[in-house]
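# Structural description and commentary
Chain by chain, the residues:
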Amino acid sequence: MKKHSLAIAAVVLIAAIAAIVITQNCMDADFTFAGTAWSLFPALVAIILALITKEAYSSLFIGIFLGAFMVSECSILTTVDTVTTDGITAAISDTAGVLFFLVMLGIIVALINKSGASRAFGEWAQKHIKTKAGALLATFALGVLIFIDDYFNCLTVGSVMSPVTDSKKISRVKLAYIIDATAAPVCMIAPVSSWAAAVSGCVDSEKYSSFELFVKAIPFNFYSIFTFVFIITIVILGIDYGKMSGYEIKAEKDGDLSMLAVALNDEREEMNVKENGPANPAKGKIYDIIIPVLLLIGTCIWGLIRNGFQKIEEGGLREAFSETDATVGLPWGGIFALVVIIIYLVARRVVSFEDAMKCIPKGFMAMVPAITILVLASSLKGMTSTLDAKAFVEEIMANASELEWALPAIVFVLACVIAFATGTSWGTFGILIPIVCAVFSEDSSLFFVGISACLAGAVCGDHCSPISDTTIMSSAGAHCDHIAHVETQLPYAISVAGISFVTYLLAGLLDKAGLVVLSIPIGVLLTIGFLFVMKSLTKKK
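Note that the coordinates shown come from a computational prediction; the quantities given were computed from them, not determined experimentally.

### A closer look at the overall build of the chain
- Each helix and strand counted, the chain has 25 helices and zero strands in total.
- A burial count over the chain gives 54% of its 541 residues as buried.
- Contacts spanning at least 24 positions in sequence make up 78% of the contacts within the chain whose residues lie at least 6 apart.
- Element-wise, carbon and sulfur atoms account for 65% of the exposed surface of the chain, whose accessible area totals about 22500 Å².

### Some remarks on the confidence of the model for the chain
- On average, residues of the chain score 80 in pLDDT, and 85% of them reach the 70 mark or higher.
- Predicted confidence in the chain is weakest over helix 14 (residues 261-276), with a mean pLDDT of 48, and strongest over helix 12 (residues 222-237), with 93.
- Counting interchain partners and residues more than four positions distant, the pLDDT-below-50 stretch residues 271-279 has four contacts.

### What to know about unusual backbone geometry
- A positive phi angle is found at Cys74, which is not glycine, with a value near 70°.
- Within the secondary structure layout, Cys74 lies in the loop between helix 3 (56-71) and helix 4 (76-94).
- A positive phi angle, close to 55°, is found at His479, a residue other than glycine.
- Relative to the elements of secondary structure, His479 occurs in the loop between helix 23 (469-478) and helix 24 (482-511).

### Notes on the nonpolar core
- Membership of the largest hydrophobic core comes to 142 residues, with the highest contact counts inside it found for Leu111, Tyr177, Tyr223, Phe412 and Ile451.
- Excluding its chain neighbours within four sequence positions, the residues that come into contact with Ile451 are Leu213, Ala217, Ile433, Val436 and Cys437.
- Counting 12 residues, the second largest nonpolar core, distinct from the first, contains Ala16, Phe33, Val45 and Met70.

### Regarding the packing of aromatic side chains
- Enumeration according to the criterion identifies 16 aromatic pairs in this entry.
- Ring centres of Tyr241 and Phe530 lie 6.4 Å apart, and the angle between their planes is 75°; this geometry places the pair in the edge-to-face category. Remark: Phe530 occurs in helix 25 (residues 519-540) and Tyr241 occurs in the loop between helix 12 and helix 13 (243-254); sequence separation between them is 289 residues.
- A relative accessible area of 9% places Tyr241 in the buried class.
- An aromatic cluster of at least three residues, connected via ring pairs, comprises Tyr177, Phe230, Tyr241, Tyr492 and Phe530.

### Considerations on the environment of Ser245
- One can find Ser245 in helix 13.
- Each C-alpha atom of the pair Ser245 and Thr538 lies 9.6 Å from the other, and the pair is 293 residues apart in sequence.
- Engagement of the side chain of Ser245 in a polar contact is seen with the backbone oxygen of Gly242, the distance being 2.7 Å.

### Examining a nonpolar patch on the surface
- On the surface, Val413, Val417, Phe501, Val502, Leu515, Val517, Leu518, Ile522 and Leu526 cluster together into a nonpolar patch covering about 660 Å² of accessible area.
- Those elements that provide at least two residues to the nonpolar patch are helix 20 (407-422), helix 24 and helix 25.
- Looking at the secondary structure, you find Ile522 in helix 25.
- By relative accessible area, Ile522 is classed as partly exposed at 32%.

### A closer look at the packing of helix 9 (residues 172-188) against helix 13
- Packing of helix 9 against helix 13 brings their axes to within 8 Å, and their N-to-C directions diverge by 130°. Taken as axis vectors, helix 9 and helix 13 run oblique relative to one another. Contacts from Val173, Lys174 and Tyr177 in helix 9 reach Met244, Tyr247 and Glu248 in helix 13.
- Taken together, the residues of the contact of helix 9 with helix 13 sort by class into four nonpolar, no polar and two charged.

### Section: helix 12
- Here helix 12 spans 22 Å end to end across 16 residues, near enough to the 22 Å set by a 1.5 Å rise per residue.
- Burial within helix 12 is extensive, with 13 of its 16 residues counted as buried.
- At the exit of helix 12 stands Gly238, carrying a positive phi of roughly 70°.

### Thoughts on the pattern of salt bridges
- The tally for this structure, following the rule as stated, stands at seven salt bridges.
- Residue Lys132 pairs with Glu248 through a salt bridge whose shortest N-O separation is 4.0 Å. Placement of Lys132 in helix 7 (residues 132-145) and of Glu248 in helix 13 is noted, with a sequence separation of 116 residues between them.
- For Glu248, a relative accessible area of 7% translates into the label buried.
- Its salt-bridge partner being Glu487, residue Lys243 comes within 3.5 Å of it at the nearest N-O pair. One end of the pair, Lys243, is in helix 13; the other, Glu487, is in helix 24, and 244 residues separate them in sequence.

### Structural notes on empty space enclosed by the protein
- Counted according to the given criterion, the structure contains one cavity of 30 Å³ or more.
- A volume near 100 Å³ is recorded for the largest cavity.
- Along its surface, the largest cavity is lined by 13 residues, and Ile108, Val109, Ile112, Ser159 and Val293 are the ones closest to its centre.
- Looking at the lining of the largest cavity, the elements that each hand over two or more residues are helix 5 (96-115), helix 8 (150-167) and helix 15 (287-311).
- Per-class residue counts for the lining of the largest cavity are nine nonpolar, four polar and no charged.

Rules and cut-offs
- Residues numbered from 1 in each chain as written.
- Predicted model: local features only at pLDDT ≥ 70, side-chain atom pairs only at ≥ 80, totals over all residues.
- Heavy atoms only, no water.
- Helix = DSSP H or I, 4+ residues; strand = E, 2+ residues; numbered from the N terminus.
- Buried < 20%, exposed > 50% of the residue type's maximum accessible area, 1.4 Å probe, protein only.
- Contact = heavy atoms within 4.5 Å.
- Areas by Shrake-Rupley, 256 points an atom, 1.4 Å probe, with all protein chains shown as cover.
- pLDDT = per-residue confidence, 0-100.
- Core = buried A, V, L, I, M, F, W, Y, C linked by side-chain atoms within 4.5 Å.
- Phe/Tyr/Trp six-rings, centres within 6.5 Å; stacked < 30°, edge-to-face > 60°.
- Polar contact = N/O pair within 3.5 Å; in protein donor to acceptor, adjacent residues only side chain to side chain.
- Patch = residues over 30% accessible without salt bridge, like charges linked within 9 Å, V, L, I, M, F, W, Y side chains within 5 Å.
- Salt bridge = Lys/Arg side-chain N within 4 Å of Asp/Glu carboxyl O.
- Axes fitted to C-alpha atoms, helices over the stretch in contact; angles between N-to-C directions.
- Parallel < 35°, antiparallel > 145°, perpendicular 65-115°, else oblique.
- Nonpolar A, V, L, I, M, F, W, Y, C, P; charged D, E, K, R; others polar.
- Expected span 1.5 Å × (residues − 1).
- 1 Å grid on protein atoms, 1.4 Å probe; cavity = no way out; pocket = protein on both sides within 12 Å on 5 of 7 lines; lining within 4 Å.
- Points joined across faces, edges and corners; volume = space filled by probe spheres on them.

This is how it looks when you write it as structure tokens:
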């Protein structure tokens, strides 16, 4: 950390502690931070620090410390106990399945790279994908196809498509944006996904089944839909703005793709092999990457379905998916796929058994930064939950219940703020969906729009937040600096969020004329029109 960043972090920490202590001492004896606006304070401090200092680890830890300090009512010793027991230890326990799955993916990626299959795929792609736009659209298409789970999407798309985007001089932060902008949004509008299952578990409706409600809400999930329109349009028009344009210019002119040091070391080793020839020529073919990826997809889907059926006494595939636990099903599929992939590659003699075993620590090491940030982010979410942010949100919604036509837009903004501050979209719609179901009448035509606004806002805030697990996975999958990824995608995400907010306001107004469905094409046209305006502005610049 640079000296000025260290000074900023120190000043913010001291000021935050002072504010908490003063508030605690000035209030009544029975005052508690839980259920008030203070419940979001630790997460907001962590986010602001991360954006200012460009350093995620210390920013997240400061947020955890402040949350524990508030929970323990300013007792230092109790704060340390809370950080270790209720924070870090609980986070590792809660995310153990996800962490294990990340390690499995890291090992599989290392195996595929060792076999030479990634290079074979890259060479094939260079011959068949001729343009930068083609590489970006292919990345987008693969992201849409892997709709089963966002973690799996982020890491698989990054490892498979990075050789292709690198060959077209596309920066790794642009790759991370495409990954992040397809992962959560596609999972949120796919009826068969871990996200659909999570949403179904939060719904309590007397008139609709959880699955039926989710499907009916899909057309009004403006942020997800407009994000896809946004990606396709910027690729076709060939425009970038904000900090992203700087990274793209640097990649095009200087060949600097802005990769992490770990990735750069791998690239230097690969360049040395290309220039001097490998000591042991790689035998991997393009199908040696296709078969493992398809196997991983198949076993993960199988793991999710199997876990769902274990939890239900009767029912079909839909019921199984609504009850599945991705933190159990995905690791189950990951380890099954890993064992079979090792056997397959060793039997094919493209990787020796000794080299396959060496890929285990190598794959683990590649995931250490992502695992560390994910544990810290989960710890911070736990502190926010302990401080009962849900009660604070319920109070805000109760005060806004009279503005029914504007409620979808209000719900969208509120979901954005909560997801951004907490870094969890699942936690956000877990808090808001029951409240939205209570605020909107199930007979109202705005009922599904309100549910969609909640889901769209959760995805948007998650997409923007530097402490979001999906954002972390996207930068890990693209092997780029995490804060650089956040800074470059933020202008794009905010642009789509602004258009979505306007469209939710229009949906509320059009509902009075029974024309709420017209808000969808209007929003699409607004997205495309906005990008044409941006293209003209960037040309002038």
